[in-house]
Amino acid sequence: MNTSQFWTWFQDNEHKLYILPLLSTEEQDEYMFWMQTYLNYYKAGIGFKIVFCETYTRPATLAFFTNQQPELYHAVLQLVKTAPPMDNWKIVSYRNKLDDVAESKTIGPSNFKLKLNQLYFQPVFKINDNSKITINIFTTKKVSYAKRKQFKKLCMQILVDMVGENVLSNNVHFIRCNLKTQIPGVAIKLIHFQQFIVLIKQLYK
């Protein structure tokens, strides 16, 4: 397989790959499997990692890495060099695997700070004519009962910054912030909330 064939497959699936964290576990596994399979068809041994934008307002980064295997350097450089222009993607290469994901941004006032990667949300859909949903927010950071109002105020500000006050009020009926640090298995990272709202708006057109 040459680089053109790999990029043809990638472009056919780029929209799903861009929202990969919002797909079901089965779909995520399938896309990751085929991504690695097509890379192996091109050149066995090349690894990859997708670094998603915190708010889906900028391109995701697709990074290829060689694990410091010299025989893969040229193949990786050719892959990056022949990448077609794509609005939602930035293509880069590294010798080592990327371990740092850009989700560790700290937010909040000096007396109460959170990191974006500490926040998760769980949508609760209404089964009636009202398409608005309830959002349960969870955090891996221990929040005391005394800080509950600051916690909710900060979460509200984050959501407004992500989608705007009008979009939030038009799609969300109620926001409940949970103080328990146990994250439900079906929770979604809060950094993906904006793309989730986009999908909800499409669903209820």
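Before reading on, note that the structure itself is shown above.
As a starting point, this report considers the structure included with it.

1. Some points on the overall build of the protein
Thought 1: Each helix and strand counted, the protein has 6 helices and 9 strands in total.
Thought 2: Classification of the 205 residues of the protein by burial places 43% in the buried group.
Thought 3: For the protein, the share of sequence-separated contacts (at least 6 apart) that also reach a separation of at least 24 residues comes to 68%.
Thought 4: Carbon and sulfur atoms form 49% of the exposed surface of the protein, whose accessible area is close to 11800 Å².

2. With respect to the pairing of strand 6 (residues 119-124)
Thought 1: Extensive coverage of strand 6 is indicated by the burial of 5 of its 6 residues.
Thought 2: Across 6 bridges, the pairing between strand 6 and strand 7 (residues 133-139) is antiparallel. For Y120, the partnering residue across the bridge sits in strand 7 and is F138.
Thought 3: When strand 6 meets strand 9 (residues 188-189), the two strands line up antiparallel, connected through 2 bridges. Note on strand 9: the bridge partner recorded for Y120 is K189.

3. Comments concerning a nonpolar patch on the surface
Thought 1: Residues M1, F33, W34 and Y41 make up a contiguous nonpolar surface patch of roughly 420 Å² in combined accessible area.
Thought 2: Mapped onto the elements, Y41 comes out in helix 2 (residues 25-42).
Thought 3: For Y41, a relative accessible area of 48% gives the class partly exposed.

4. A few points about the side chain of T139
Thought 1: Here T139 is to be found in strand 7.
Thought 2: Separated by 3.0 Å, the side chain of T139 and the backbone oxygen of Q118 make a polar contact.
Thought 3: Looking at T139, its side chain comes within polar contact range of the main-chain nitrogen of K141, at 3.0 Å.

5. A closer look at the environment of Q36
Thought 1: Along the polypeptide, Q36 turns up in helix 2.
Thought 2: When residues no more than four places from it in sequence are discounted, the contact partners of Q36 are I46, G47 and F48.

6. Some remarks on a negative patch on the surface
Thought 1: Taken together, the side chains of E26, E27, D29 and E30 define an acidic patch exposed on the protein surface.
Thought 2: Along the chain, E27 falls in helix 2.

About the thresholds
- For every chain, the first residue of its written sequence is number 1, and the numbers climb from 1 along that sequence.
- Local features in a predicted model are, by the rule used here, given only for residues with pLDDT of at least 70; side-chain atom pairs are given and counted only at 80 or more, and totals for whole chains, interfaces and linings are based on all residues.
- Side-chain metrics in this entry use all non-hydrogen atoms of the structure; hydrogen atoms and water are not considered.
- Each helix corresponds to a stretch of at least 4 residues labelled H or I by DSSP, and each strand to a stretch of at least 2 residues labelled E; elements are numbered beginning at the N terminus.
- Each residue gets one of three labels from its accessible area relative to the maximum for its type: buried under 20%, exposed over 50%, partly exposed in between, using a 1.4 Å probe on protein chains only.
- The contact definition used throughout considers only heavy atoms, calling two residues in contact when any of these lie within 4.5 Å.
- Each accessible area value is a Shrake-Rupley result obtained with a 1.4 Å probe; residue values ignore everything except the protein chains displayed when judging cover.
- Pairing between two strands is assigned when DSSP locates at least 2 bridges connecting them.
- Residues enter patches when their relative accessible area tops 30% and they take part in no salt bridge; the joining distance is 9 Å for like charges and 5 Å for the nonpolar side chains Val, Leu, Ile, Met, Phe, Trp and Tyr.
- Put simply, a salt bridge is a Lys or Arg side-chain nitrogen that is within 4 Å of an Asp or Glu carboxyl oxygen.
- Polar contact is the term for a pair of N or O atoms within 3.5 Å; when the atoms are in protein, one must be able to donate a hydrogen and the other to accept it, and sequence-neighboring residues count only if both atoms are side-chain atoms.
- As used throughout, the charge tally considers Lys and Arg to be positive and Asp and Glu to be negative, leaving His and the chain termini uncounted.
- Charge positions come from single atoms, namely NZ of Lys, CZ of Arg, CG of Asp or CD of Glu.

Interpretation in functional terms is not warranted from these geometric data alone.
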